Amino acid sequence: MRPALLGLLLALNAVGWCQAAKTVTVSFPNEGDREVWIQETDAAGVAATTPASGTGVQIEAPSTPGKAVVYAHDKTTGNVAEKPLAEVLKTGVWKVEAKDEKRVFRMDFVVVSDGKPVASALVRGTVGNETKTGLVVPGDQGRASLFLVPVGSVRVVVEYKAEGTTRTTPPQIFEAKLGTGTPAARQLTISDKVETLAPATGQEPQGIRPETTADKAEQTAPAPNPIASLVNLVVGLAVIGGVAAGVLWYVRKNPKQVEDALKKVGLGDQQPTTAATPPTPSQPEPIKPIVLDPGAPAQAVVATAIAVKNPRLVKSDGSVVLLPEGAFEVGRDPGLAVSLEGESTVSRRHARLERKGDDVALTDLGSTNGTFVNGAKLAGETVLRPGDSVQFGAVQYRFES
């Protein structure tokens, strides 16, 4: 075989292998409600997921794995299995086993002060050398979630603003355990006076309410006896019927006394009245147009309702960055529109935000520590959606509109 032809065949084979390596298969020992995804180990939140309701699923993987990890979440147990993408790409197949389950999908917390949900705070949970963060903004009713928490004892603190300074609550220890699904939110209390919110209708501001003796008694109280209930109903109807019969008999025997009694309370001998015709509401005067030029022809005035949006980034301490029309940059440099001076994890020119109408697009500018949306590292321009978690380096915001 000619060397040129052999080289071409080897090149084509290499190209085909690289393309095949970009698709990996994740298989499970049984069917279940699961989801899988790939993301960097230091990313916050959870990247976009792929549903996996059967025993296996194929997902697209980046050609350069770097520090990326493949995650598989069992929605029934709340367990999350993990494996470095570089290892999965060696064979293209990952058979998930019980030993791979090393994390819980989420831990929920509710931060309160004086029994009410706080308006803003930052929840930090540390396990070993890993720290997970959850942001509380006014629309969350004091709630924050930590995702992909390693199994073990979690040291949790709350950072908040009080009297113009940043403070931290004493640490509390919670256990992240496999097989617990999604437990009820744990309560974290701030003793200082901070901004709080009125609890939403139908919601309790506390995350966990301790079970009381009354609760246990209510749970163990025997169900009512249906036969006894029926007997009580029959007896009640008989009593009501007897009273009604007695009143009717008295009215028939003493019509004069009943009529006199009704007159005394203003009910007897009443003449029917004719309902008065409701007055015709006066018509409002027409709106007079403002004419700047008396000689100009009259213009039709049409009233329109205008919905004004206010795109903004909200930080954990409650500070707000308004996003006006146009493009501007985010970074550590003091002269930028969104300047994050003193933030060592943010590059001098970190990212660019551009608002066109109601849409706000975010682009990373080749920063050292990356820009993330909902835990996924940006590789190009992304249009933000209300509720998105936005992170520049280690600085987190919530996008609202």
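Residues numbered from 1 in each chain as written. Predicted model: local features only at pLDDT ≥ 70, side-chain atom pairs only at ≥ 80, totals over all residues. Heavy atoms only, no water.

### Digging into the overall build of the protein
The cut-off we apply is this: For the purposes of this entry, the term helix denotes a DSSP run of H or I that reaches at least four residues, the term strand denotes a run of E that reaches at least two, and both are numbered from the N terminus. Residue burial is assigned from relative accessible area. The probe radius is 1.4 Å, only protein chains are included, and a residue is buried under 20% of its type maximum, exposed over 50%, and partly exposed in between. Whether two residues are in contact is decided by their heavy atoms, any of which lying within 4.5 Å being enough. Here the Shrake-Rupley method, with its probe set to 1.4 Å, supplies the accessible areas, and only the displayed protein chains count as covering residues.
For the protein, the helix and strand inventory stands at five helices and 27 strands. Counting the 401 residues in the protein, one finds 34% classified as buried. For the protein, the share of sequence-separated contacts (at least 6 apart) that also reach a separation of at least 24 residues comes to 54%. With the model as given, the accessible surface of the protein reaches about 25,300 Å², and the carbon-plus-sulfur share is 56%.

### Quick notes on the nonpolar core
Side chains that are nonpolar tend, in soluble globular proteins, to be buried together. For clarity, the threshold we go by: Only buried residues count toward a nonpolar core. Its members are Ala, Val, Leu, Ile, Met, Phe, Trp, Tyr and Cys residues joined through side-chain atoms within 4.5 Å.
Membership of the largest hydrophobic core comes to 22 residues, with the highest contact counts inside it found for Met 107, Phe 109, Val 111, Val 123, Val 149, Val 158 and Leu 188. Residues within four places of Val 111 in sequence aside, it is in contact with Lys 116, Pro 117, Val 118, Val 123, Val 136, Gly 142, Val 158, Leu 188 and Ile 190. Counting residues in each nonpolar core, the second largest holds 20 residues, with Leu 323, Val 346, Ala 351 and Val 360 among its members.

### Observations concerning the side chain of Arg 355
To keep things clear, this is the line we draw: Pairing of N or O atoms within 3.5 Å defines a polar contact, subject to two protein rules: one partner must be a possible hydrogen donor and the other a possible acceptor, and residues neighboring in sequence count only if both atoms are side-chain atoms.
Its place among the elements puts Arg 355 in strand S21 (residues 351-356). Side-chain polar atoms of Arg 355 contact the backbone oxygen of Leu 323, separated by 2.9 Å. A distance of 2.7 Å separates a polar atom in the side chain of Arg 355 from the backbone oxygen of Gly 357.

### Considering the side chain of Asp 388
To keep things clear, this is the line we draw: For the purpose of charge, His is not counted, nor are the chain termini; Lys and Arg are scored as positive and Asp and Glu as negative. One speaks of a salt bridge when a side-chain nitrogen belonging to Lys or Arg is within 4 Å of a carboxyl oxygen belonging to Asp or Glu.
Within the secondary structure, Asp 388 is located in the loop between strand S25 (382-383) and strand S26 (389-392). Although Asp 388 is buried, it makes no salt bridge; Arg 385 carries the closest opposite charge, 4.0 Å away. In this structure the side chain of Asp 388 is engaged in a polar contact, spanning 3.0 Å, whose partner is the side chain of Asn 374. In terms of polar contacts, Asp 388 uses its side chain to reach the backbone amide nitrogen of Arg 385, at 2.8 Å. Other than its neighbours up to four places away in sequence, Asp 388 contacts Val 373, Asn 374, Tyr 397, Arg 398 and Phe 399.

### Focus on the packing of aromatic side chains
Rules: Aromatic pairs are defined between Phe, Tyr and Trp rings, using the six-membered ring for Trp, whenever the two ring centres lie within 6.5 Å; interplanar angles under 30 degrees are classed as stacked, those over 60 as edge-to-face, and all others as tilted.
Within the structure shown, the criterion is met by five aromatic pairs. Geometrically, the ring pair formed by Phe 105 and Phe 147 is edge-to-face, given 5.6 Å between the ring centres and 75 degrees between the ring planes. Of this pair, Phe 105 sits in strand S8 (residues 101-113) while Phe 147 sits in strand S12 (residues 143-150); the two residues are 42 residues apart in sequence, bridging distant segments of the chain. Assessed through its relative accessible area of 12%, Phe 105 is described here as buried. In this structure Phe 147 comes out as partly exposed when scored by relative accessible area, which is 24%.

### Some points on unusual backbone geometry
For Glu 163, which is not glycine, the phi torsion reads 55 degrees and is therefore positive. Here the phi dihedral of Asn 374 falls at roughly 55 degrees; this positive angle occurs in a residue that is not glycine. Within the secondary structure, Asn 374 sits in the loop between strand S23 (371-373) and strand S24 (376-377). Looking at Asn 374, the relative accessible area reads 25%, which means it is partly exposed.

### Some remarks on the environment of Gly 331
Considering the arrangement of structural elements, one finds Gly 331 in strand S19 (residues 326-331). Taking the C-alpha atoms as reference, Gly 331 lies 5.7 Å from Ser 347; in sequence the two are 16 residues apart. In contact with Gly 331, not counting residues within four places along its chain, are Leu 336, Val 338, Ser 339, Leu 340, Val 346, Ser 347, Arg 348 and His 350.

### Brief notes about the confidence of the model for the protein
As a reminder, the rule being used: Per residue, pLDDT measures the predictor's confidence, with a range of 0 to 100.
Mean pLDDT for the protein: 75, with 67% of residues reaching 70 or above. Per-residue pLDDT stays below 50 along residues 270-278; that stretch engages in zero contacts with residues further than four places along the chain or on separate chains. Within the model, pLDDT remains below 50 along residues 281-308, and this stretch shows one contact once partners closer than five positions in the same chain are excluded.

### Some details on the sheet that holds S21
Put simply, the rule is: DSSP calls a pair of strands paired once it identifies at least 2 bridges connecting them.
Taken together, five strands build an open sheet; the order of strands is S20-S19-S21-S22-S25 and the sheet is mixed. Strands at the two margins of the open sheet, each flanked by one partner only, are strand S20 (338-339) and S25. Judged from the two bridges that link them, strand S22 (residues 359-364) and S25 form a sheet pairing that is antiparallel. Paired with Leu 362 across the bridge in S25 is Thr 382.

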